[in-house]
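Fold and geometry: a report
One-letter residues, chain by chain:
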Amino acid sequence: MGLIGKIIVSLMPIAPKFLVKRIAGRYVAGLNLESAIDLMKNMSEENTCFTIDVLGEEINDVDEARYFVDEYSRVLDSIVSNQLDANISLKPTALGLLIDKEVALSNIEEIIKKAALNDIFVRLDMEDHRVTQETIDVVLEMQKKGFQNIGTVLQGRLFRTKEDIAEVSRELGPLADFRICKGIYLESSDISYTKYQEIVNSTNDCISHMLEMGCYTAIASHDLPIINHSLEKLSDMGMSVDNDPRDNSADSRVGKGPGYEFQFLLGVRGNLRRKLASEGHLTRVYVPYGTKWYEYGVRRIRENPDIAWHVTKTIIMPWTNRR
Ligand code: FAD
């Protein structure tokens, strides 16, 4: 699989842009907010909710961040006016985190403040190891300022993640709200697991740890060994759909934890998502949109050639992955 992925990556520079666009069309809602709204409305029968992402990351000049602040403001307005069951995901480096931390914090705060006024949750996507600590720090800082509508993502492949779970949940208690995924960035072996089974085992340990610590746990994986582990752990903890501890103790708690949901990328394993939803689990679809779809797709595939294989498999064996 790794080899096929690498071959596809090496062919990408000669692939016609229209072909890449056709492929990306499955995973990206469209070029603008209106297409993302239409897509979510069209999915209203699927019993799922959404997280909206404006495509783009790591800017070169802090002024570029203004585009994202303004666009996320439009997204928040649209969620409210269209009464969508949606929250937002944003990339801290697109708001300037690698250029000027103070400016990034103020940009992120502007978005969170508006989201809080509308009771909308904001998730900071997790990027590569250069910003792991800084991203966690932003969450803690915003919570200190009184914003409870923020959480981040932790990556099961990183050695540090179990300590991060412990530290954040010590600080925030049931306000700790994580998305847990394997991590798309292929990090080096001195800070991360690099083999498939090790990554799955570590991600599963992190999921168990989060649930045991009473955090809100958004499980973001399409991989059956991870989904099955999560279902078993939820059942062991009495958190299956018919017995959710949130039902009994909601009044006495501050924050959403303990609790859980399953998250899927748009265009990936829709049949599995619909099955989980039909069993009563809360599911959420990650809906990216924007003009930067080409750069986004190419960069993701270069970073992790396995994705090239998944995409190819979807084209030549469409029954393995229904949108
Ligand atoms: P895999 O083993 O990669 O996939 C399992 C199966 O799912 C594959 O066999 C294939 O059939 C299918 N599949 C998976 N991906 C694709 C695809 N692109 N196209 C077609 N089929 C596919 N990573 C971060 O580092 N930071 C984040 O903030 C982040 N946010 C995420 C948010 C969501 C909602 C999700 C679902 C993932 C996110 N990720 C993020 C990516 C994640 O870390 C993994 O890289 C990605 O989900 C692939 O791992 P997997 O667990 O789905 O397993």
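What counts and how
- Residues numbered from 1 in each chain as written.
- Predicted model: local features only at pLDDT ≥ 70, side-chain atom pairs only at ≥ 80, totals over all residues.
- Heavy atoms only, no water.
- Helix = DSSP H or I, 4+ residues; strand = E, 2+ residues; numbered from the N terminus.
- Buried < 20%, exposed > 50% of the residue type's maximum accessible area, 1.4 Å probe, protein only.
- Contact = heavy atoms within 4.5 Å.
- Areas by Shrake-Rupley, 256 points an atom, 1.4 Å probe, with all protein chains shown as cover.
- Phe/Tyr/Trp six-rings, centres within 6.5 Å; stacked < 30°, edge-to-face > 60°.
- Near = heavy atom within 4 Å.
- Polar contact = N/O pair within 3.5 Å; in protein donor to acceptor, adjacent residues only side chain to side chain.
- Core = buried A, V, L, I, M, F, W, Y, C linked by side-chain atoms within 4.5 Å.
- Pairing = 2+ DSSP bridges.
- Axes fitted to C-alpha atoms, helices over the stretch in contact; angles between N-to-C directions.
- Right-handed = clockwise from strand over helix to strand, strands pointing away.
- Expected span 1.5 Å × (residues − 1).

**Comments concerning the overall build of the chain**
Along the chain, the regular secondary structure elements total 13 helices and eight strands. Expressed as a percentage of its 323 residues, the buried residues of the chain come to 51%. In the chain, the share of contacts with a sequence separation of at least 24, taken over all contacts with a separation of at least 6, comes to 77%. For the chain, the exposed surface amounts to about 15000 Å²; the carbon and sulfur share of it is 52%.

**A word on the packing of aromatic side chains**
This structure, assessed with the given rule, holds three aromatic pairs. Measuring from centroid to centroid gives 5.0 Å for Y67 and F68, while their planes differ by 75 degrees, and the two rings are edge-to-face. Plain terms: the ring middles of F159 and Y193 are 4.8 Å apart, the flat faces sit at 80 degrees to each other, and that makes the pair edge-to-face. With a gap of 34 residues between them, F159 in the loop between β4 (150-155) and α7 (161-172) and Y193 in the loop between β5 (177-181) and α8 (196-212) connect regions that are remote in the sequence.

**Details of the site of the ligand**
In the neighbourhood of the ligand, 26 residues make up the surrounding shell, with M126, K182, G183, S221 and H222 lying closest. One of the side-chain N or O atoms of Y27 is found 3.1 Å from a nitrogen atom in the ligand. Expressed as a share of its isolated accessible area of 930 Å², the protein-covered part of the ligand is 90%. Examining the composition of the shell around the ligand, we find that four residues originate from one element, helix α13 (residues 306-316), more than from any other.

**Focus on the nonpolar core**
Counting residues in hydrophobic clusters, the biggest one holds 74 residues, and the most contacted among them are M40, I88 and L90. When residues of this core are assigned to their parent elements, the largest contribution, seven residues, is made by helix α4 (residues 65-81). Setting aside residues no more than four positions away along its own chain, I88 makes contact with T51, I52, Y72, V75, L76, I79, I111, I120, F121, V122 and R123. Ranked by size, the runner-up nonpolar core spans five residues in total, among them A24, V28, W293 and Y296.

**Quick look at the sheet that holds strand β1 (residues 49-54)**
In space, the eight strands of this closed barrel follow the order β1-β2-β3-β4-β5-β6-β7-β8, with parallel pairing throughout. Mean inter-strand twist for the sheet, computed between neighbouring axes without regard to direction, equals 30 degrees. Taken together, the five bridges between strand β6 (residues 216-220) and strand β7 (residues 259-265) define a ladder with parallel strand orientation. Across the sheet, the residue bridging to T217 is Y260, located in β7. Sheet strands touched by α7: β4 and β5. Its angle to β4, the strand with the most contacts, is close to 160 degrees.

**Here we look at the pairing of β7**
As a general feature of sheets, a regular strand has side chains that alternate between the two faces. Across the seven residues that make up β7, a large majority, six, are buried. By the bridge criterion, four bridges tie β7 to strand β8 (residues 283-289) in an arrangement that is parallel. Among the inter-strand pairings, F264 is bridged to a residue of β8, identified as V285. Crossover handedness for the path β7 to helix α11 (residues 270-278) to β8: right-handed.

**Re α7**
Here α7 spans 16 Å end to end across 12 residues, near enough to the 16 Å set by a 1.5 Å rise per residue. All of the buried residues in α7 are T161, D164, I165, A166, V168, S169 and L172. Elements that come into contact with the buried residues of α7 comprise α6 (132-144), β4, β5 and α8. Two residues or fewer after α7 comes G173, characterised by a positive phi angle close to 55 degrees.

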